[in-house]
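# Descriptive analysis of the structure
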Amino acid sequence: VDRRVDVAIIGAGTAGLSALKEVSKNTEDYVLIQDGPLGTTCARVGCMPSKVLIQVANDFHRRREWEKSGLVGVASLRADLSKVLAYVRHWRDQFVEGVVRAMPKPGDKFVVGSARFLGPDVLKVGSMTIRARRIVVATGSRPIVPKAWEAFGDRILTTDTIFEQKTLPQRLAVIGGGAIGMETGQALGRLGLDVTIFDRSDKVAGLTDPEVNRLAVEIFGQELSLHLGADVALAAADDHLVVEAGSVRLKVDKVLTAMGRAPNIETLDLHETGCAFDEHGQPVYDHSTLQLGALPVFLAGDVNQHRPILHETADDGRIAGYNAVRNEAYCFQRRVPLAIAFCEPNVCIVGRRFSELAPDSFVVGQIDFSRQGRAKIMGESRGILHVYADPKSGELLGSEMLAPRGEHLAHLLALAVMGHMSVIDLLRMPFYHPVIEEGLRTAIRAAAVQVKGGSERQEVALCDSSAVSSLN
Ligand SMILES: Cc1cc2nc3c(=O)[nH]c(=O)nc-3n(C[C@H](O)[C@H](O)[C@H](O)COP(=O)(O)OP(=O)(O)OC[C@H]3O[C@@H](n4cnc5c(N)ncnc54)[C@H](O)[C@@H]3O)c2cc1C
């Protein structure tokens, strides 16, 4: 053994860096090991560059409303894709630089190289052997590309490569209608590409509520070609690719794969730790402690495949880091589930999703945004929002939505679910006029009247009511 440390962290992404913050509160005796480019998936090829692209695309798309509203000169606007992609990279570089600036510099505490296990507490990095009392595995994930498709070379794009393109050809197929496929596909369609999205399921952007999903497919289908419910096969032909799905046969120039992400575990030799694996070959670990069996190893971030979104990977890092410097593994509560796909309208899921609720165990309140005042003013009067509530207590259980500015409604609802608020309590908060939140109130009202005793309750509390305080 060349080195002994208290804690070794493998991976300097969001999870690894947040574990590092937690660990360094307690010990200076740690090593961070990183292989591959610095700057985190989020800043380099994930959340941040994708949101820059979406912002530009949505700005450009707004021109259709401007034209109707009396703003002139719109017809001469055009999107120069190569400049847009350069702009995305400009911001990407700023975000990456910010992360790298705040990181430790390569040296004693930060080793560059690929780590693999020789035993439950021993790692090999290059020629160096490191023994650590605890090890945090935070190696992230990578886009899935079927092996056979690798033969198509650079005609296959992933989110790792798309932002690096100098420009993009006209015909693009996106394989995968999850959050990443839908938001990236819609953005590129808005910037002028002919985008077709394929998915083997009939659901988009992670929705499980059939009614919300049906409208999402209809609304997104007005902008993009969507082919759902059939497996995709790819073939190469001269200068293009042919996508086949069910009865559809489509010629495209490039394909963006957005078929999910695989955990980076293959090169870790995790079997050397003696850990158990499930039927999918994933190491078995505890979601609330992140510990791998009873081993001194913790699995944090996308690599554990539990909730591969940023705030959850950061929490994973905190939990793993906290436990890595203690003698027992503490159990942590997880946050109210919150997922947002930045399509327009936003697709958001809060708390318990439709598919997790037993039939007939909940009531549904709905708002149709096509009639909502502020949404009309913004030229965004499309979408539907469902809230789910307990029919007896009125407790808000969750929501699925396709909503203008849904990202903000979702945060409000997450706070209410976290506070175990009932839909009746929620109606007692102030709603300014005219705001999108008034639409949310319509859905909550529709749920409240179905709750036991809900139709008799006043939205304005009586003075002798024990309900929510007022600041009189
Ligand atoms: C296009 C896209 C858009 C997204 N948008 C959003 C969004 O809007 N909101 C949101 O919440 N989430 C979003 N996500 C998800 C989010 O980016 C991830 O959940 C998060 O970045 C994962 O962080 P991580 O620390 O687990 O992994 P990473 O940041 O990937 O870090 C893992 C690190 O470990 C290194 N590594 C791997 N193997 C080894 C080894 N053997 N030895 C040493 N080092 C190793 C890797 O090189 C990498 O640097 C998006 C993801 C993508 C791809």
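Structure: see above.
So, here's what we can say about the structure. (Residues numbered from 1 in each chain as written. Predicted model: local features only at pLDDT ≥ 70, side-chain atom pairs only at ≥ 80, totals over all residues. Heavy atoms only, no water.)

## Remarks on the sheet that holds strand β12 (residues 232–237)
The strands making up a sheet associate through backbone hydrogen bonding, with each pair oriented either parallel or antiparallel. Pairing is antiparallel across the open sheet formed by three strands, whose spatial order is β12-β13-β14. For this open sheet the edge positions go to β12 and β14 (248–252), each flanked by a neighbour on one side alone. When strand polarity is set aside, the average angle formed by the axes of neighbouring strands in this sheet is 20°. The sheet contact formed by β12 and strand β13 (residues 240–245) spans six bridges and is antiparallel. Looking across to β13, one finds that leucine 234 is bridged to valine 243. (Pairing = 2+ DSSP bridges. Helix = DSSP H or I, 4+ residues; strand = E, 2+ residues; numbered from the N terminus. Axes fitted to C-alpha atoms, helices over the stretch in contact; angles between N-to-C directions.)

## Things to note about unusual backbone geometry
In this structure, the amide linkage connecting glutamate 344 to the following residue, proline 345, adopts the cis form with an omega of -5°. When you line up the elements, proline 345 lands in the loop between β18 (338–341) and β19 (346–351). With an omega of -5°, the peptide bond running from histidine 433 to proline 434 counts as cis. Assignment of secondary structure puts proline 434 in the loop between α11 (423–426) and α12 (437–448). Positive phi values are uncommon outside glycine, yet alanine 205 reaches one of about 50°. Positionally, alanine 205 belongs in the loop between β10 (194–199) and α7 (210–223). A residue is classified by how much of its surface remains accessible, and alanine 205, at 8% relative accessible area, is buried. We note that glutamine 305 has phi near 65°; this positive angle belongs to a residue other than glycine. (Buried < 20%, exposed > 50% of the residue type's maximum accessible area, 1.4 Å probe, protein only.)

## Notes on the pairing of β13
Most of β13 sits inside the fold, with five of its six residues counted as buried. With antiparallel pairing between neighbouring strands as the criterion, β12 and β13 make up a hairpin whose turn holds two residues, including aspartate 238 at a positive phi of roughly 35°. Between β13 and β14, which pair antiparallel and follow one another directly, the connecting turn spans two residues, one of which, glycine 246, has a positive phi of 55°.

## Regarding the packing of aromatic side chains
Across all of its chains, the model carries six aromatic pairs by this definition. One Lys or Arg, arginine 63, reaches over the ring of phenylalanine 60 and ends 3.7 Å from the middle of that ring. (Phe/Tyr/Trp six-rings, centres within 6.5 Å; stacked < 30°, edge-to-face > 60°. Lys NZ or Arg CZ within 6 Å of the ring centre and 35° of its normal.)

## So, the packing of helix α1 (residues 14–23) against helix α8 (residues 310–324)
At a minimum axis separation of 7 Å, α1 and α8 run at an interaxial angle of 35°. The two elements α1 and α8 meet at a crossing, and its hand is right-handed. Residues Thr14, Ala15, Ser18, Ala19, Glu22 and Val23 of α1 touch α8, and the partners they reach there are Leu310, Thr313, Ala314, Gly317, Arg318, Gly321 and Tyr322. Residues of the contact of α1 with α8, tallied by class, amount to six nonpolar, five polar and two charged. (Left-handed = near helix turned anticlockwise from the far one by under 90°. Contact = heavy atoms within 4.5 Å. Nonpolar A, V, L, I, M, F, W, Y, C, P; charged D, E, K, R; others polar.)

## Considering the site of the ligand
Close to the ligand lie 33 residues, the nearest being Asp35, Thr41, Lys51, Asp302 and Leu310. Between the ligand and the protein, one listed contact pairs an oxygen atom with a side-chain N or O atom of lysine 51 at 2.7 Å. Against a free-state accessible area of 1000 Å², the protein chains account for coverage of 90% of the ligand. Where the shell around the ligand is concerned, the elements lending two or more residues are α1, β2 (30–34), α2 (40–45), α3 (47–61) and α8. No other element matches α2, which puts four residues into the shell around the ligand. Of the residues in the shell around the ligand, the class split is 14 nonpolar, 15 polar and four charged. (Near = heavy atom within 4 Å. Polar contact = N/O pair within 3.5 Å; in protein donor to acceptor, adjacent residues only side chain to side chain. Areas by Shrake-Rupley, 256 points an atom, 1.4 Å probe, with all protein chains shown as cover.)

It is worth stressing that arrangement in space is one thing and function is another; only the former is reported here.
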